[in-house]
Amino acid sequence: MRKLKNNLRYIKIYIGIGMAITTLLGILLYILINGLQHITFDFLFNVNAPRGQTLVPMIFTTVLIVLLTLAISAPIGIGSAIYLNEYAKTGAWFVKTIRMAIETLSGIPSIIYGLFGFLFYVIILRWTWSIMAGVFTVAIMVLPIIIRSSEEALKSVPNAYREGSYALGAGKFYTIWKTVLPSAVPGILASIILTIGRIVGETAALVLTAGTVAGMPSNLFDSSATLAVFMYTITVEGTDMDRAYATAVVLMALILFLNTFANFIGKKLKPQ
C-alpha cells in the first residue's frame, strides 16, 4: 500500500513537470513559428529605418532603462538587505515595519506603480513621459525583489564564517565586507540578473511613465518605448501583428538569455 502511494506521488510529480515543460515548449514554438519568418536585418539593425519599422530604438531604450534602474535599485536594495540581516535587531518594531512594507510593496500590481509614477514624476515633478520617470518608477517596483533575494543570500552564509572572522579580531564592517559579502555574491548577482528579466518584460508601469514613442530618445527626459511596451502597443492597436510576433521572439530570446546567464554565473561564483 505504501509503495502504491509513493508511486502515485511520483506520477503526480512527473505529470506536473510534463505539463510545465509542454506549456513552455508550446509557447516557444507558437511564437517562433509566427515570428521568425518576419525577422529581417533591417528590422533588427537598420538605424535609418522609419519610426516603428526597426527595433533599434526600443532595444537601446530597454538596455538604458535596465542599466539606470539597477544603478538606483541595486545599491539601495543590497544595502537594505545588509542592514536587515547583519545590523538590525530581530523583533524590533522598526524592523517589523520595514519587513511589512517590503512584503506589501512586493505584492502591489505594476499598474499601481505606474499610476504612482504618472502622478508623482510625470505630473507633480513635471518630468513628462520620459525615460527618467520610467526608471525611477521601475526602480521602486523591483526594490523589494532585490532586498528579499539579497537577504536570503546573506542568510545562506554560515555563521561560522562570521564567528571565525570575529575570533581573528576583525570588526563587524570588515567581516561583512571581506567575509560575508564574497560568500553571498553568487546569490546576490543571480537575483540582480533575474531582476533584469522583470524590468525587460515590464509594460504597465512604463506605458504610464516612459510612454509609447517608438523612436530613439535624444536625452533622458525624452519619451521612448521598450521592447515590451512596443509589442504591447502594436498588439493592442492590431496594426501589424507580424511585427508584434517578431518583437516577441526578440524579447523572449533576451529573457531566456538573461535567465541562462544568471544560472551560469551563479554556478561559477558559488563557493566550492
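This text goes with the structure placed above it.
Residues numbered from 1 in each chain as written. Predicted model: local features only at pLDDT ≥ 70, side-chain atom pairs only at ≥ 80, totals over all residues. Heavy atoms only, no water.

**Some words on the side chain of Thr 195**
Moving on, step 1. Tracing the backbone through its elements, the reader meets Thr 195 in helix α8 (residues 172-200).
Moving on, step 2. Since its relative accessible area comes to 2%, Thr 195 is described here as buried.
Moving on, step 3. With residues up to four places along the chain from it excluded, the contact list for Thr 195 reads Val 142, Ile 145 and Ile 146. (Helix = DSSP H or I, 4+ residues; strand = E, 2+ residues; numbered from the N terminus. Buried < 20%, exposed > 50% of the residue type's maximum accessible area, 1.4 Å probe, protein only. Contact = heavy atoms within 4.5 Å.)

**Thoughts on the pattern of salt bridges**
Moving on, step 1. Evaluation of the coordinates by the stated rule reveals 5 salt bridges.
Moving on, step 2. Linking Arg 162 and Glu 86 is a salt bridge whose minimum nitrogen-to-oxygen distance equals 2.7 Å. With Arg 162 in helix α7 (residues 159-167) and Glu 86 in helix α3 (residues 56-87), the pair connects residues that are 76 residues apart, well separated along the chain.
Moving on, step 3. Ionic pairing is found between Arg 99 and Glu 151, a salt bridge with its closest N-O pair at 2.6 Å. Placement of the pair is Arg 99 in helix α4 (residues 93-106) and Glu 151 in helix α6 (residues 131-155), with a sequence separation of 52 residues.
Moving on, step 4. Given the relative accessible area of 30%, Arg 99 is considered partly exposed.
Moving on, step 5. A network of salt bridges, in which partner residues are shared, links Arg 99, Glu 151 and Lys 155. (Salt bridge = Lys/Arg side-chain N within 4 Å of Asp/Glu carboxyl O.)

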